[in-house]
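Observations on the model geometry
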Amino acid sequence: MSVKTILNAEDNATNRKIVRDLLEWHGYRVVEALDGVEAVELAQREVPDLILMDIQLPRMSGYDAASAIHGDARLARVPIIAVTSFGMIGDEKRAYEAGCDDYISKPFRPRLLIQKIVRLLDGTGSCGDAEEERP
Ligand code: MN
C-alpha cells in the first residue's frame, strides 16, 4: 500500500506539531501550509490524498482556500476536512458550502480525526462531528 499524503493547512505551530505527530504515527506523509494562499499552492504542487483545512488562516480563509482547491479540476475530488473552532455556530454550514467533505471542531479527539481521515480515504464518506467511537 502506498503512503498517503495529507496536507495540513494550519497557522498555529503547536497545532501543526500535534497533527504532524498524530498523522505520522499512523503512517501518513504530512505536508504543511501556514496560510490559505500557501494551502492552495501546496495542494496544486503535491496533489495530496486529503486536506485538513483550518478555517481561520492568514491571507486567505480556509473557506476560500477550499473553494479554490476544489475549483481546480485536478483537485476537485480531493477530500477536505474543515477544522473549525469549538462553539463557532455556522462554521459547519459554511464549510460544506465551501465544498468541504467533513469538519471537526478544535480541540478534537485524535481518534475521531483519524476515523474521519480513514473514512474519507476509503471513499465511504463521513458527516458531521458526532462521536463515532465505540466504547
Ligand atoms: Mn487558525
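Values in this document were obtained by computation on a predicted structure and should not be read as measured data. (Residues numbered from 1 in each chain as written. Predicted model: local features only at pLDDT ≥ 70, side-chain atom pairs only at ≥ 80, totals over all residues. Heavy atoms only, no water.)

Notes on the overall build of the chain
Here is the rule we go by: The helix and strand labels rest on DSSP assignments: H or I over at least four residues marks a helix, E over at least two residues marks a strand, and numbering proceeds from the N terminus. The classification of residues rests on relative accessible area computed with a 1.4 Å probe and restricted to protein chains. Under 20% of the type maximum is buried, over 50% is exposed, and intermediate values are partly exposed. Only heavy atoms enter the contact rule, under which two residues are in contact if any of them lie within 4.5 Å.
The helix and strand inventory of the chain stands at five helices and five strands. Each helix (α) and strand (β) of the chain, taken in turn from the N terminus, gives the series β-α-β-α-β-α-β-α-β-α. Relative to its full complement of 135 residues, the chain shows a buried share of 47%. When contacts within the chain are restricted to residue pairs at least 6 apart in sequence, long-range pairs at least 24 apart make up 55% of them.

Observations regarding the coordination of the manganese ion
Note on metal sites: the ideal angle is 109.5 degrees for four tetrahedral donors, and 90 or 180 degrees for six octahedral donors. So the rule is basically this: The donor definition counts N, O and S atoms within 2.8 Å of each metal and applies 3.2 Å to Na, K and Ca; water is not among these atoms, so some sites may look incomplete.
Surrounding the manganese ion are the protein donor atoms Asp11 (OD), Asp54 (OD) and Gln56 (O), which sit 2.0 to 2.2 Å from the metal. Its relative accessible area of 35% is what places Asp11 among the partly exposed residues. Overall, the relative accessible area of 2% leaves Asp54 in the buried class.

Structural notes on the pairing of strand β4 (residues 80-85)
For a regular strand, side-chain orientation follows a simple rule: the groups alternate between the two sheet faces. Applicable threshold: Two strands qualify as a pair provided that DSSP identifies no fewer than 2 bridges between them. By the criterion used throughout, a crossover qualifies as right-handed when its path from the first strand across the helix to the second strand runs clockwise, the strands pointing away from the viewer.
Buried residues dominate β4, accounting for six of its six residues. By the alternation rule, side chains of β4 split into Ile80, Ala82 and Thr84 and Ile81, Val83 and Ser85, which are all buried. Relative to β4, strand β3 (residues 50-54) is paired through four bridges, and the arrangement is parallel. Within the sheet, the bridge partner assigned to Asp54 lies in β4 and is Val83. Strand direction decides the pairing type here: β4 and strand β5 (residues 102-106), joined by five bridges, are parallel. Across the sheet, the residue bridging to Ala82 is Tyr103, located in β5. Viewed along the sheet, the connection from β4 through helix α4 (residues 91-97) into β5 turns out right-handed.

A few points about helix α3 (residues 62-70)
Put simply, the rule is: Summarising the geometry, the arc corresponds to the directions from the helix axis toward the C-beta atoms.
Residues of α3 that are buried include every one of Gly62, Tyr63, Ala65, Ala66, Ile69 and His70, and no others. Looking straight down α3, one finds its buried side chains confined to an arc of 165°; they lie on one side. Residues of α3 that are buried make contact with α2 (36-46), β3, β4 and α4.

Observations concerning the side chain of His70
Our working rule: Under this definition, polar contacts are N or O atom pairs within 3.5 Å; protein pairs additionally need one hydrogen-donor-capable and one acceptor-capable atom, and for neighbouring residues in sequence, both atoms have to be side-chain atoms.
With respect to the helices and strands, the residue His70 is situated in helix α3. Of the polar contacts made by the side chain of His70, one reaches the backbone oxygen of Val78; its length is 2.6 Å. Residues contacting His70, with those up to four places away along its chain left out, are Leu75, Ala76, Val78, Ile80, Gly99 and Asp101.

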